[in-house]
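Observations on the model geometry
Here are the chains, one letter per residue:
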Amino acid sequence: NTEQIETMLIEHSIDLGLIEGFSKNRNFHYKPFMKDEIVLVGKAQHPILKKKQIKIEELQCLSFVEREPGSGTLETIETTLKNHHISMFNLKTEMQLGNTESIKSYLQHSEAVAFLSVQSIVQELRNNQLAIIDIKNIEIPREFNFITAEGEQSKLIQLFIQFALNHNQLL
């Protein structure tokens, strides 16, 4: 997650990270990578999908799988819901997991839902394993950014960033 990446950059155990949004720490340099959207997701056969769209108030009736504290994704979701007068504390958390892959796997075998990056579920959408649950009047856009420690970067890091920017066509 974002906090771990920041720590590894400060400790010089990595030279480059990819995070959602921007850190609050001014010791880092950011370069935009790609736009993304966080969407509500459930298994493709989830009963809530009988509705074309749900109201934000209906979130309180669902069971959620959430990311761990320190996750930039969780912070983005909390901010958006707060702007719509919904607190994460009012949502029923069924499980808290530390990575997207474990959340996707859990969702496929439960009635729980989760907020996930649309970029992270492309294959599951194509395979009809997961589906997006549309929430009326809610969008959760975000941006992925490369993050490096302030200062001059090696040519290899610059070359990798340029390569990634030229080939970021997931959707």
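Residues numbered from 1 in each chain as written. Predicted model: local features only at pLDDT ≥ 70, side-chain atom pairs only at ≥ 80, totals over all residues. Heavy atoms only, no water.

A closer look at the overall build of the chain
Counting its regular elements, the chain contains 5 helices and 7 strands. Moving toward the C terminus, one meets the helices and strands of the chain in the order α-β-β-β-α-β-α-β-α-β-β-α. For a compact globule of 171 residues, the expected C-alpha radius of gyration is about 16 Å, and the chain comes in at 17 Å, within 12% of that figure. Taken along the three principal axes of its C-alpha coordinates, the chain extends 55 × 35 × 25 Å. (Helix = DSSP H or I, 4+ residues; strand = E, 2+ residues; numbered from the N terminus. Rg over C-alpha atoms; globule rule 2.2 N^0.38 Å.)

Focus: the environment of Phe 89
Tracing the sequence through the fold places Phe 89 in the loop between helix H2 (72–83) and strand E4 (92–97). Taking the C-alpha atoms as reference, Phe 89 lies 9.6 Å from Glu 78; in sequence the two are 11 residues apart.

Here we look at the nonpolar core
Of all hydrophobic cores here, the largest spans 20 residues; its most connected members are Leu 40, Leu 59, Leu 81 and Phe 115. Here Leu 40 is in contact with Ile 54, Leu 59, Leu 62, Phe 64, Val 113, Ala 114, Phe 115, Ala 131, Ile 132, Ile 133 and Ile 135, once residues within four sequence places are set aside. Core analysis: the next-biggest nonpolar cluster, separate from the first, contains 12 residues, Val 39, Val 41, Ala 112 and Ile 121 among them. (Core = buried A, V, L, I, M, F, W, Y, C linked by side-chain atoms within 4.5 Å. Buried < 20%, exposed > 50% of the residue type's maximum accessible area, 1.4 Å probe, protein only. Contact = heavy atoms within 4.5 Å.)

Brief notes about the pairing of strand E3 (residues 63–67)
In terms of burial, E3 is a largely internal element, 5 of the 5 residues being buried. Neither face of E3 is open: one carries Ser 63, Val 65 and Arg 67, the other Phe 64 and Glu 66, and all of them are buried. Sheet analysis places E3 next to E4, joined by 5 bridges and oriented parallel. Paired with Ser 63 across the strands is Lys 92, a residue of E4. (Pairing = 2+ DSSP bridges.)

Considering the environment of Tyr 106
As for its position among the elements, Tyr 106 is in helix H3 (residues 100–107). Classification of Tyr 106 by relative accessible area gives partly exposed; the value is 23%. When the C-alpha atoms of Tyr 106 and Gly 42 are compared, they prove to be 9.8 Å apart, with 64 residues separating the residues in sequence. Residues within four places of Tyr 106 in sequence aside, it is in contact with Val 65, Glu 94, Met 95, Leu 97 and Ala 112.

Points about the confidence of the model for the chain
Across the chain, pLDDT averages 89, with 96% of residues at or above 70. The secondary structure element of the chain with the lowest average pLDDT is H2, at 85, and the one with the highest is strand E6 (residues 130–133), at 97. (pLDDT = per-residue confidence, 0-100.)

Regarding the packing of aromatic side chains
What describes a pair of aromatic rings is the distance from one ring centre to the other and the angle between the planes of the rings. Applying the stated criterion to the full structure yields 3 aromatic pairs. With a centroid separation of 4.9 Å and an interplanar angle of 55°, the aromatic rings of Phe 33 and Phe 146 are classed as tilted. Residue Phe 33 is located in strand E2 (residues 28–43), and its partner Phe 146 is located in strand E7 (residues 140–149); the two are separated by 113 residues in the primary sequence. Under the relative-accessibility criterion, Phe 146 is labelled buried at 3%. Between Phe 64 and Phe 115, the ring centres sit 5.8 Å apart and the planes meet at 15°, which makes this aromatic pair stacked. Taken together, the positions of Phe 64 in strand E3 and Phe 115 in strand E5 (residues 114–117) put the pair 51 residues apart, joining distant regions of the chain. Of the two residues examined, Phe 64 and Phe 115, each falls in the buried class. Joined through ring pairs, the aromatic side chains of Phe 33, Phe 146 and Phe 160 make up one cluster. (Phe/Tyr/Trp six-rings, centres within 6.5 Å; stacked < 30°, edge-to-face > 60°.)

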